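Observations on chain architecture
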Amino acid sequence: MNTMGDRLSFLIKELGLTKTKFAEAIHVGQPFVSKVCMNAAVPSDRTISDICREFHVSEAWLRYGEGEMLVKGNRNEEIQATISEILADEDDAFRKRLIAALCALDVDEWKVLEKISQKVLENTKNPDEQ
């Protein structure tokens with residue numbers, strides 16, 4: 001992957017997105033994304049920043065091919081990104097319904113859920129780890 005276009009094409013494929021969906025996420029047109037992927041156009045600094053922010057991509061990797069492709073965010077950033085994705089789901093999607101149900105829990109119900117999840121985790125451990 002010698003060029004930014006090569007890296008962008010690789011990123012889009014790794015994310016499992018179409019160029020259209022990718023373009024929508026960063027608020028540019030699909031033809032522009034195609035041109036960048038073919039090295040026929042160069043994205044602006046702002047577009048590069050948008051790509052890096054939206055998809056947690058290292059700017060050094062995108063621009064120069066240096067380092068790791070993805071930047072690991074802190075826990076709050078990861079939760080925020082996941083919630084943003086879920087909010088874009090259809091209203092009847094399982095993930096959205098599950099988050100809505102969790103939002104309706106009171107403090108005592110959260111404690112019960114925590115106990116249940118601890119039991120589930122204990123039961124899924126490898127017998128050698130117990």
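It should be noted that the structure appears before, not after, this text.
Since the model is a prediction, treat every value here as computed from it, not as a measurement.

Counting secondary structure elements, the chain contains eight helices and zero strands. Tracing the chain from N to C terminus, the helices and strands come up as α-α-α-α-α-α-α-α. In summary, the chain has a C-alpha radius of gyration of 20 Å against a globular reference of 14 Å for 130 residues, an excess of more than 25%. If you line up the chain on its principal axes, its C-alpha atoms span 55 × 40 × 20 Å. Counting the 130 residues in the chain, one finds 22% classified as buried. When contacts within the chain are restricted to residue pairs at least 6 apart in sequence, long-range pairs at least 24 apart make up 39% of them.

A word on the environment of leucine 105. Tracing the backbone shows leucine 105 in the loop between α7 (94-103) and α8 (107-124). Excluding anything up to four places from it in sequence, leucine 105 contacts Trp110 and Leu113.

The next point concerns helix α4 (residues 45-55). Those residues of α4 that sit buried are Thr47, Ile48, Asp50, Ile51, Cys52 and Phe55. For α4, the secondary structure elements touched by its buried residues are α1 (4-15), α2 (19-25), α3 (30-37) and α5 (59-64). Looking one or two residues past α4, histidine 56 carries a phi angle of roughly 55 degrees, positive in sign.

A word on the packing of α1 against α3. The geometry of a pair of packed helices is captured by two quantities: the angle between their axes and the separation between those axes. It is the contact of α1 with α3, at a shortest axis distance of 7 Å, that shows an interaxial angle of 125 degrees. As judged from the angle between their axes, α1 and α3 are oblique. Counting all contacts with α1, which are made through Gly5, Asp6, Leu8, Ser9 and Ile12, the residues of α3 involved are Val33, Val36 and Cys37. Residue classes in the contact of α1 with α3 are distributed as five nonpolar, two polar and one charged.

Enumeration according to the criterion identifies seven salt bridges in this entry. Put simply, lysine 21 and glutamate 24 hold a salt bridge, and the shortest N to O gap is 3.9 Å. Of the two residues, lysine 21 and glutamate 24 are both situated in helix α2; the distance of three residues between them amounts to about one turn of the helix. Since its relative accessible area comes to 46%, glutamate 24 is described here as partly exposed. The residue arginine 63 makes a salt bridge to aspartate 45 at a minimum N-O spacing of 2.9 Å. In this pair, arginine 63 is assigned in helix α5 and aspartate 45 in helix α4, connecting sequence segments 18 residues apart. Overall, the relative accessible area of 22% leaves arginine 63 in the partly exposed class. In this structure aspartate 45 comes out as exposed when scored by relative accessible area, which is 54%. One connected set of salt bridges, linked through shared partners, spans Asp45, Glu59 and Arg63.

Parameters and conventions
- Residues numbered from 1 in each chain as written.
- Predicted model: local features only at pLDDT ≥ 70, side-chain atom pairs only at ≥ 80, totals over all residues.
- Heavy atoms only, no water.
- Helix = DSSP H or I, 4+ residues; strand = E, 2+ residues; numbered from the N terminus.
- Rg over C-alpha atoms; globule rule 2.2 N^0.38 Å.
- Buried < 20%, exposed > 50% of the residue type's maximum accessible area, 1.4 Å probe, protein only.
- Contact = heavy atoms within 4.5 Å.
- Axes fitted to C-alpha atoms, helices over the stretch in contact; angles between N-to-C directions.
- Parallel < 35°, antiparallel > 145°, perpendicular 65-115°, else oblique.
- Nonpolar A, V, L, I, M, F, W, Y, C, P; charged D, E, K, R; others polar.
- Salt bridge = Lys/Arg side-chain N within 4 Å of Asp/Glu carboxyl O.

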